[in-house]
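Descriptive structure summary
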Amino acid sequence: MEKKTLSNILEGKIFRIPDYQRGYAWEESQWKDFAQDIDALIDDKITNHYTGTIVIYQPKEKPTDYYGIDKLEKVDVVDGQQRLTTSSLYLSVILNELIKLGENAFESKLPLLYSGSKSRLILNNDTEEFFYDLITKGSTNVTAYTIHQKRLFQAYNYFKTHLTNKLEDKSKEQRIEYLRDVFDAITRKLNFSFYPIEEESEIGMTFELMNSRGKDLSALELLKNYLMYWVYRNIPEKYEKEDFTKLINKSWKEVYTNIAKCSGSENRCLRIAWTLYHSHTPKHWKSYSGFKSDDVIPIRDFSKRPKEDTKQFIKEFTQGLSEISMHYAEIIQPSINSNIPEEYKWLTKIKNLGNVANFLPLIVATRKTVFSNTIPLDGYINLLKTIELFSYRVFLWEGKRSNTGLSKFYKWADEVFKNEQNVDTITSRIKGLINWYSNENSFRKELEQDFHNWYQWRRLLRYTLYEYELYLLQKEGKGAKPKLAWSDLTDATFEHILPQNPEENSQWKQHWSQEELALYLHDISNIVLTKDNSHYSNFEYDRKKGKPGLGHCYANSDIRQERKIAEFEEWTPESCKKRKETLNEWIINRWGIDKHFQVPKEVEMEEEEEIELVED
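Let me begin by describing the structure that accompanies this report. (Residues numbered from 1 in each chain as written. Predicted model: local features only at pLDDT ≥ 70, side-chain atom pairs only at ≥ 80, totals over all residues. Heavy atoms only, no water.)

Tracing the backbone through its elements, the reader meets Glu330 in helix 12 (residues 307–332). As for Glu330 and Trp230, which are separated by 100 residues in sequence, their C-alpha atoms are 31 Å apart. Filtering out sequence-adjacent residues up to four positions away, Glu330 remains in contact with Leu347 and Arg367. Within polar-contact distance, the side chain of Glu330 engages the side chain of Arg367 at 2.7 Å. (Helix = DSSP H or I, 4+ residues; strand = E, 2+ residues; numbered from the N terminus. Contact = heavy atoms within 4.5 Å. Polar contact = N/O pair within 3.5 Å; in protein donor to acceptor, adjacent residues only side chain to side chain.)

In structure tokens form, the structure reads like this:
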């Protein structure tokens, strides 16, 4: 291991971030620390600063590639990619500023970053060309759409803003001097421990040693390196060692690509794989540390799990994790172009309801069986419909805690994954679970007999009215798209027909008693979705109602439920009662359960266990 400056490290090599590594992950707190470290090197006249470790994989055959007119050795960055990427971004900002100020001699330093169409540091997956554009011209021709591209773009602008603030109120000469100092601090005063590796399977062992010194890596990265270490330590045959190493790298490349595509959670995806391949019991999940236990992936002591069994598990888990990440990405960010009819529609509803994490293992396991032609498509869609029903009745209507039913859903995921139960049986059990947590008779009685403060339960109100709008559009609007997207909904898109603060001399006060005002005001029967409730203020009903073609009014609205309100001649308690009856009938048809389904066994015991569980 050598101690090197950044300019020493960059000379003579082209650095590549392998696709199996995670993308750019630093955020503002890390950018701020990095910038402050550089500032200290200048302001406090510190001669050097230890920045961290750079580990490269340098194959024995030493592959090369052209960089300008030179042929340079091409190496993979194993550790330190965040520091190298951040240093390159800051350097590009500094060099661009110096050249703009007429310091053309610094053009000779641009090969530290790029030469022609190649960058010195080649990023992975979806960020290679995006990064090149940033360091060469300070902008890109495409909008950042993945989380890694967005972080790169934000980092570049952070350092640009930081320098702008530092150069403010300085003369041109002072600016040039300061920029020269910053350039010198980054290239000459930052010190790194530089460590080359020649055997790819040694990567895991290296990380295992580093992690004991507190390296800040994600659970997914830690697991990959632990598996690489396991292969290095426990597979003696070179050909098999190489096969396993390639399998792990290929799988992780696919996992990182899929998770980046949906801006998903590495930890959540990893937990789904753990649930399906090892244990469906929620309290057994220990993140990365759980994989290192002797009954999962032992590294030395194979008394609980034999080495051959462990090796087979690693192979199956690694392949399965990649497949799971594909399904996870398409569930988290459903596509309207899905090959499964109605999947987009119901996954979007489940996502809008929240608490999707509870159902992920079951949805992934079921979707996997669809792709293997084990179950028909309608069985999968019926499951999604029932999950949406559970979310509405249990989480929104009853207000149960977010992990309610978690143990049962994870267990059912395991049964579907192992083909121990068919999906129709699981769907029936979920309906029985709904009846346990949200009794059907109580649901209907409470809905029909009582007026509620729906406005207090904003998510329930928002989801119900949005679904009602979709229903009206389907029924009366020939399936037209809603004029309000789910993401548009805020408090400003709720319109109280009877206003919350009517004027004392208004007709509202004349036609409504104080008791009626208190009873009806925040009930769903008195609330509609609108584009902007500020247009209506506390106006009288006649003005709110308006006429077709006359500005902002119910009758002229492109929100279907607002136009339904305009069908009432006046808005009175009787009008509210009539609309309530209409809404109740629709809600029962939409989220009621006509048939009795048996409550699954042991629900009460598992409910007590779930009180203590914390997701992820």
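Moving on to the pattern of salt bridges. This model, assessed by the stated rule, comprises 37 salt bridges. Between Lys509 and Glu504 there is a salt bridge, and its shortest N-O distance comes to 3.6 Å. Among the residues examined, Glu504 registers a relative accessible area of 64% and is labelled exposed. Residues participating in the shared-partner salt-bridge network are Lys349, Glu388, Glu467 and Arg590. (Salt bridge = Lys/Arg side-chain N within 4 Å of Asp/Glu carboxyl O. Buried < 20%, exposed > 50% of the residue type's maximum accessible area, 1.4 Å probe, protein only.)

Okay, the packing of helix 14 (residues 360–371) against helix 16 (residues 406–417) next. Where helix 14 contacts helix 16, the two axes come as close as 8 Å, and the packing angle between them is 15°. When the interaxial angle is binned, helix 14 and helix 16 end up roughly parallel. As for the relative orientation of helix 14 and helix 16, their crossing is left-handed in sense. Two secondary-structure elements touch here, helix 14 through Pro361, Leu362, Ala365, Thr366, Lys368 and Thr369 and helix 16 through Phe409, Tyr410, Trp412, Ala413, Val416 and Phe417. Broken down by class, the residue content of the contact of helix 14 with helix 16 amounts to nine nonpolar, two polar and one charged. (Axes fitted to C-alpha atoms, helices over the stretch in contact; angles between N-to-C directions. Parallel < 35°, antiparallel > 145°, perpendicular 65-115°, else oblique. Left-handed = near helix turned anticlockwise from the far one by under 90°. Nonpolar A, V, L, I, M, F, W, Y, C, P; charged D, E, K, R; others polar.)

This part covers the pairing of strand 5 (residues 70–79). Working note: regular strand, side chains alternate between the two faces of the sheet. Most of strand 5 is tucked away: seven of the ten residues are buried. Sheet analysis places strand 2 (residues 13–16) next to strand 5, joined by four bridges and oriented parallel. Looking across to strand 5, one finds that Lys13 is bridged to Glu73. Examined bridge by bridge, strand 3 (residues 49–57) and strand 5 share three bridges and lie antiparallel to one another. When the bridges of strand 5 are listed, Val55 appears paired with Asp79. (Pairing = 2+ DSSP bridges.)

The topology assignment puts Asn441 in helix 18 (residues 440–449). The exposure class assigned to Asn441 is exposed, which follows from its relative accessible area of 61%. Asn441 sits 151 residues away from Gly592 along the chain, and the two C-alpha atoms are 9.6 Å apart.

It is worth spelling out the side chain of Thr427 at this point. Residue position: Thr427 is located in helix 17 (residues 423–437). What makes Thr427 buried here is its relative accessible area of 7%. Among residues more than four places away in sequence, those in contact with Thr427 are Asn382, Leu383 and Thr386.

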